[in-house]
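What follows is each chain in one-letter form.
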Amino acid sequence: LTTGTFMNGRIWVGRHSVPAGRAGEQATTGITEELLGLGFETARLKTGTPPRVDRRSIDFSRLEEQPGDARLRHFSFDP
């Protein structure tokens, strides 16, 4: 069962958090609790979504490039 990002979803803006989906859509609440009650285990994968920054506020000439891994892996726990 793929639960998606809306089940008990939350959006953070600075230090403020509210139940939500993406782009102003609502979170789905209650389904997770029902699944737990039926004996399912639930977990959440880290999406790694970076904070949004206005590129006009950054002096890119002062930054150091940090390239990704040379060997691409599907998951962070792959051997």
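Residues numbered from 1 in each chain as written. Predicted model: local features only at pLDDT ≥ 70, side-chain atom pairs only at ≥ 80, totals over all residues. Heavy atoms only, no water.

Peer 1: I tried to follow the overall build of the protein on my own but got confused; where do I start?
Peer 2: Summing up its helical and strand segments, the protein has one helix and two strands in all. Order of helices (α) and strands (β) in the protein, N terminus to C terminus: β-β-α. The proportion of buried residues among the 79 residues of the protein is 11%. Sequence-distant contacts in the protein: of pairs separated by 6 or more residues, those separated by 24 or more amount to 26%. A total of about 7,900 Å² of accessible surface is found on the protein, and carbon and sulfur atoms cover 54% of it. (Helix = DSSP H or I, 4+ residues; strand = E, 2+ residues; numbered from the N terminus. Buried < 20%, exposed > 50% of the residue type's maximum accessible area, 1.4 Å probe, protein only. Contact = heavy atoms within 4.5 Å. Areas by Shrake-Rupley, 256 points an atom, 1.4 Å probe, with all protein chains shown as cover.)

Peer 1: Quick question: what am I supposed to make of the environment of Ala27 here?
Peer 2: Looking at the secondary structure, you find Ala27 in the loop between strand E2 (16–19) and helix H1 (31–37). With a relative accessible area of 19%, Ala27 lands in the buried category. When the C-alpha atoms of Ala27 and Gly9 are compared, they prove to be 5.1 Å apart, with 18 residues separating the residues in sequence. Once residues within four sequence positions are removed from consideration, Ala27 is found in contact with Phe6, Gly9, Pro19, Ala20 and Gly21.

Peer 1: Hey, could you run me through the pattern of salt bridges in this one?
Peer 2: Side chains that differ in charge, positive against negative, can pair when their charged atoms come close. On inspection of all chains with the given rule, the structure shows one salt bridge. The residue Asp54 makes a salt bridge to Arg56 at a minimum N-O spacing of 2.7 Å. (Salt bridge = Lys/Arg side-chain N within 4 Å of Asp/Glu carboxyl O.)

Peer 1: Hey, could you run me through a nonpolar patch on the surface in this one?
Peer 2: Taken together, Val53, Ile58, Phe60 and Leu63 make up a surface patch of nonpolar side chains, about 370 Å² in accessible area. Along the chain, Val53 turns up in the segment after H1. (Patch = residues over 30% accessible without salt bridge, like charges linked within 9 Å, V, L, I, M, F, W, Y side chains within 5 Å.)

Peer 1: What is the right way to read the side chain of Ser17 from this model?
Peer 2: You can see Ser17 is positioned in strand E2. On the accessibility criterion, Ser17 (16% relative accessible area) is buried. Among the polar contacts made by the side chain of Ser17, one reaches the side chain of Arg10 at a distance of 2.8 Å. Not counting residues up to four positions away in its chain, the partners in contact with Ser17 are Arg10, Ile11 and Trp12. (Polar contact = N/O pair within 3.5 Å; in protein donor to acceptor, adjacent residues only side chain to side chain.)

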